[in-house]
Amino acid sequence: MRKPLMAGNWKMNKTLTESIPLIKELINLVGTYQDTETVICPPFTSLWVARELIQDTNILLGAQNLYFQKEGAYTGEISARMLQNIGCSYVILGHSERRGYFQESSAEVAQKVQEALIFNLKPIICVGEKLREREAGKAQDIVREETEAIFTVLKPAEVDRVVFAYEPIWAIGTGKAATPRDANEMIQYLRSLLVHKYGERVAEDTRILYGGSVNPENIKALMAESDIDGALVGGASLQAESFARIVKFKEKE
Ligand code: 13P
């Protein structure tokens with residue numbers, strides 16, 4: 001059984017001062033909730049305070065990126081070891097905003113995944129196509145290429161420590177989520193790639209999230225699909241109440 005996972009990607013939002021009340025409110029709403037694994041991924045500047053606030057709760061901490069080198073003269077970068085040391089359990093890697101604005105290649109994302117695993121961080125690996133690629137009938141090709149780049153570094157015994165997230169770029173921040181059926185279809189396709197590479201059992205145990213305009217209104221329908229194991233949530237994770245409703249998608253409102 002794959003436990004549902006809801007991860008809030010705050011992106012470049014919330015100062016340290018703004019992070020504190022948001023985290024406290026979230027703790028009040030879902031701090032003891034156990035049916036969903038709940039992860040917050042604030043900016044680096046709020047990781048420490050988040051870690052202090054969420055200890056003794058069920059909320060876990062994630063970062064939004066790392067650099068694949070161990071340490072040294074890489075001005076502005078953050079290592080896997082630093083993230084482990086500050087208390088992160090997860091790290092988002094290969095987000096489309098990093099691939100797009102910062103020219104991260106799939107090969108670089110793969111290096112980052114390797115480095116994360118060395119330091120016991122669970123990577124949430126993002127893949128997904130642009131609108132024009134979908135319209136050209138290339139959505140599966142893009143997802144396959146981005147996923148197989150990760151397979152080149154991922155050993156069978158490591159797959160249970162990674163999470164994939166299908167985030168179609170046209171659905172991110174647009175208010176236009178993929179339909180549950182389309183999202184599920186692509187996630188089933190991604191799972192079939194896992195079956196092919198690592199076998200049925202491993203593929204059945206690997207969690208694959210959907211991301212892109214997830215909100216409290218559409219989460220139930222997404223989660224009702226067979227293969228969607230959770231969500232990577234952007235905008236709706238910036239308010240405790242809306243993120244809590246997503247985390248508690250199983251509950252009657
Ligand atoms: P939105 O939920 O704001 O569309 O962002 C999705 C996303 O990119 C999460 O990583």
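Residues numbered from 1 in each chain as written. Predicted model: local features only at pLDDT ≥ 70, side-chain atom pairs only at ≥ 80, totals over all residues. Heavy atoms only, no water.

K.L.:
Help me out: how do you make sense of helix H5 (residues 106-118) in this one?
P.N.:
Structurally, the α-helix is built with 3.6 residues per turn, so residues lying three or four positions apart point the same way. Spanning 13 residues, H5 covers 19 Å between terminal C-alpha atoms, matching the ideal 18 Å at 1.5 Å per step. All buried positions along H5 are accounted for by Val109, Ala110, Lys112, Val113, Glu115, Ala116 and Leu117. Residues of H5 that are buried in the fold lie against helix H3 (80-86), strand S4 (90-93), helix H4 (96-101), strand S5 (122-127) and helix H7 (139-151). Directly after H5, the chain includes Asn120, whose backbone phi takes a positive value near 60 degrees. (Helix = DSSP H or I, 4+ residues; strand = E, 2+ residues; numbered from the N terminus. Expected span 1.5 Å × (residues − 1). Buried < 20%, exposed > 50% of the residue type's maximum accessible area, 1.4 Å probe, protein only. Contact = heavy atoms within 4.5 Å.)

K.L.:
Hey, could you run me through the site of the ligand in this one?
P.N.:
Near the ligand you find 13 residues, and of these Lys11, His95, Gly173, Ser213 and Gly235 are the closest. Here an oxygen atom of the ligand sits 3.0 Å away from a polar atom, N or O, in the side chain of Asn9. One of the backbone nitrogen or oxygen atoms of Gly235 is found 2.8 Å away from an oxygen atom of the ligand. Contact with the protein chains removes 94% of the 310 Å² of surface that the ligand exposes when unbound. Among the residues making up the shell around the ligand, the classes are represented as 4 nonpolar, 7 polar and 2 charged. (Near = heavy atom within 4 Å. Polar contact = N/O pair within 3.5 Å; in protein donor to acceptor, adjacent residues only side chain to side chain. Areas by Shrake-Rupley, 256 points an atom, 1.4 Å probe, with all protein chains shown as cover. Nonpolar A, V, L, I, M, F, W, Y, C, P; charged D, E, K, R; others polar.)

K.L.:
Just checking my understanding: could you explain the confidence of the model for the protein for this structure?
P.N.:
In low-pLDDT segments, the atomic positions of the prediction should not be examined closely. Looking at the protein as a whole, its pLDDT mean stands at 98, while 100% of the residues score no less than 70. Mean pLDDT across the elements of the protein bottoms out in helix H9 (residues 200-205) (96) and peaks in strand S2 (residues 37-41) (99). (pLDDT = per-residue confidence, 0-100.)

K.L.:
Can you help me understand the nonpolar core in this one?
P.N.:
It is characteristic of soluble globular proteins that their nonpolar side chains tend to be buried jointly. Among the nonpolar cores identified, the biggest contains 68 residues, and Met6, Ile40, Phe164, Leu194 and Tyr210 are the most heavily contacted of them. Counting 12 residues, the second largest nonpolar core, distinct from the first, contains Leu5, Val39, Ile92 and Ala165. (Core = buried A, V, L, I, M, F, W, Y, C linked by side-chain atoms within 4.5 Å.)

K.L.:
For this particular structure, what's the right way to read the packing of aromatic side chains?
P.N.:
The geometry of an aromatic ring pair is captured by two quantities: the separation of the ring centres and the angle between the planes. A complete count under the given rule lists 6 aromatic pairs for this structure. Note on Tyr67 and Phe68: the rings are 4.6 Å apart at their centroids and 35 degrees apart in plane angle, and the pair reads as tilted. When its relative accessible area of 16% is taken as the criterion, Phe68 is described as buried. Clustering of aromatic rings is evident, with ring pairs tying together Tyr67, Phe68 and Tyr74. Seen from the ring of Phe102, Arg98 lies directly overhead, with NZ or CZ sitting 4.2 Å from the centre. One residue, Lys197, lies across the ring of Tyr198, its end atom 6.0 Å from the ring centre. (Phe/Tyr/Trp six-rings, centres within 6.5 Å; stacked < 30°, edge-to-face > 60°. Lys NZ or Arg CZ within 6 Å of the ring centre and 35° of its normal.)

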